[in-house]
Amino acid sequence: MPKNYTLKQCSDLLQSKQASASELAQEYLAAIAQDNAGLNAFVTLDKDRTIAEAKAADTLIQQGLATPLTGVPIAYKDIFCQQGWRSACCSKMLDNFIAPYTATVVQNLLDAGMVTLGRTNMDEFAMGSTTESSHYGITRNPWQHEHVPGGSSGGSAAVIAARLAPAALGSDTGGSIRQPASHCGITGLKPTYGVVSRFGMIAYASSFDQAGPMAQTAEDCALLLNSMAGFDEYDSTSIERDKEDYTRDLNRPLQGLRVGLPREFFGEGLDTQVHASIDNVLELLKKQGAEIVDVTLPHTELSIPAYYVLASAEASTNLSRYDGVRYGHRATEFSNLDEMYSNSRAEGFGDEVKRRIMIGTYVLSHGYYDAYYLKAQKLRRMVANDFQTVLHQCDIILAPVAPTAAPALASHNNDPVQMYLSDIYTVSLNLAGLPGIAIPAGFTSSGLPVGVQLIGNYFAESRLLGVAHQIQQHSDWHTRTPFEH
């Protein structure tokens, strides 16, 4: 197992030449070879390519051309394309797909000199909250293997928690960075929609999907976001704005910070141990001079139905391209073109993906568009307006990430609605396009991690990272590992 390096510590080791990128990569590859079989967190590895990238990083460091990220290893969720790597979205449909191009966000990190460790497991096409719907099998929570790591970026969260990588890239459509970060005791940031390019990120729901950094600490996430963010002409939803330094508020005091507590997030259904962990963070904030403000987000309970109508509708449209013609899985038995389409899709997609395609097709169909899709769009605007009202009363919002700690494996197999409801505290941010960060906030009596969520206004990533960093400077939840448990 590698030492308990944060991304920042890896960077410092490399910059001071106490370790080389090749040595660091070899150390992580050895840990992956030893521990990944028990977790199933990595689904694709290419040792030769990893070592080659590490050697190239060493050359840059020796020439004095390194960035703070040069030589630091990173893992990528299987949703991001990278030329020459299999990018399957953990689906049988794309099991044989080798990306012919590289996602902009991945290219940005490659340009910064980061070293690719491999692809991490995820729910098929990012549809799920447990990383159990993957074509490549379930991922286990490093803290307790009989529990899920969360989803859909469960593999990315698990490799960081297990110290198989110092950082990873995830994607967040309805909480898929923040929820697994909470369940695995790490830090995960969902940026404002449009801050990080979606080009080369395999689409689930295009108006919700957003790439984000996952690491041990808020400082690590800030360093990653510095290289990840930026305008991309290949992404029509990318926001053109000046580059910024996301580390600038890390040492900003919390004196006078107004922290909103939405009453709708602390009602029935919230586990008492999760509530207790949030109370601990509140006390820590108060000691640093923060002011607690009671606020209300009245349309919170409508966010789940609005999200699943809209996201499923977009999924139905996005996944219609997988028909067995140009790429992806093609059925071997069919008698005509229609059968080739239907058989290829029936064999290539798993149950959860089929369920969401059917829901999405239904709500977009003639006679139901106005009743479901159009109404959900109106609810989306109401949810976004609620946040704008509240964020004029406070600087950030503090909330749970999930109602409970990580559930047991297979606990939602027969009740998908219960799985959907586990996203109650996260999907509203995606509806509004706001940034949010999940950080460790304690543990249950059984030793499972619990996270807390900080929510800010548009483009408030730097402030959120600064508040999270100050919490982590006065606590040790983020430093604990499953190996001490």
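The structure this text deals with has already been given above.
Residues numbered from 1 in each chain as written. Predicted model: local features only at pLDDT ≥ 70, side-chain atom pairs only at ≥ 80, totals over all residues. Heavy atoms only, no water.

### Remarks on the state of the cysteines
Stage number 1. If you walk through the whole model with that rule in mind, you get zero disulfides.
Stage number 2. With no disulfide of its own, Cys221 lies 14 Å from the sulfur of Cys10, the closest cysteine sulfur. (Disulfide = S-S within 2.5 Å.)

### Digging into unusual backbone geometry
Stage number 1. Residue Ser152 follows Gly151 across a cis peptide bond; omega there is 5°.
Stage number 2. Secondary-structure assignment places Ser152 in the loop between strand E3 (115–120) and helix H5 (154–161).
Stage number 3. The backbone phi angle of Asn40 is positive, close to 55°, even though this residue is not glycine.
Stage number 4. Following the sequence through the fold, Asn40 ends up in the loop between helix H2 (21–39) and strand E1 (42–45).
Stage number 5. Positive phi is not limited to glycine here, since Phe459 has a value of about 65°.
Stage number 6. Position of Phe459 among the secondary structure elements: in the loop between strand E11 (449–455) and helix H15 (461–473). (Helix = DSSP H or I, 4+ residues; strand = E, 2+ residues; numbered from the N terminus.)

### Section: the packing of helix H4 (residues 104–111) against helix H7 (residues 218–228)
Stage number 1. Direction vectors running N to C along H4 and H7 enclose 105°, while the axes themselves pass 8 Å from each other. In terms of their interaxial angle, H4 and H7 are classed as roughly perpendicular. Where H4 approaches H7, its residues Val105, Asn108 and Leu109 are matched on the opposing element by Leu224, Ser227 and Met228.
Stage number 2. Residues of the contact of H4 with H7, tallied by class, amount to four nonpolar, two polar and no charged. (Axes fitted to C-alpha atoms, helices over the stretch in contact; angles between N-to-C directions. Parallel < 35°, antiparallel > 145°, perpendicular 65-115°, else oblique. Contact = heavy atoms within 4.5 Å. Nonpolar A, V, L, I, M, F, W, Y, C, P; charged D, E, K, R; others polar.)

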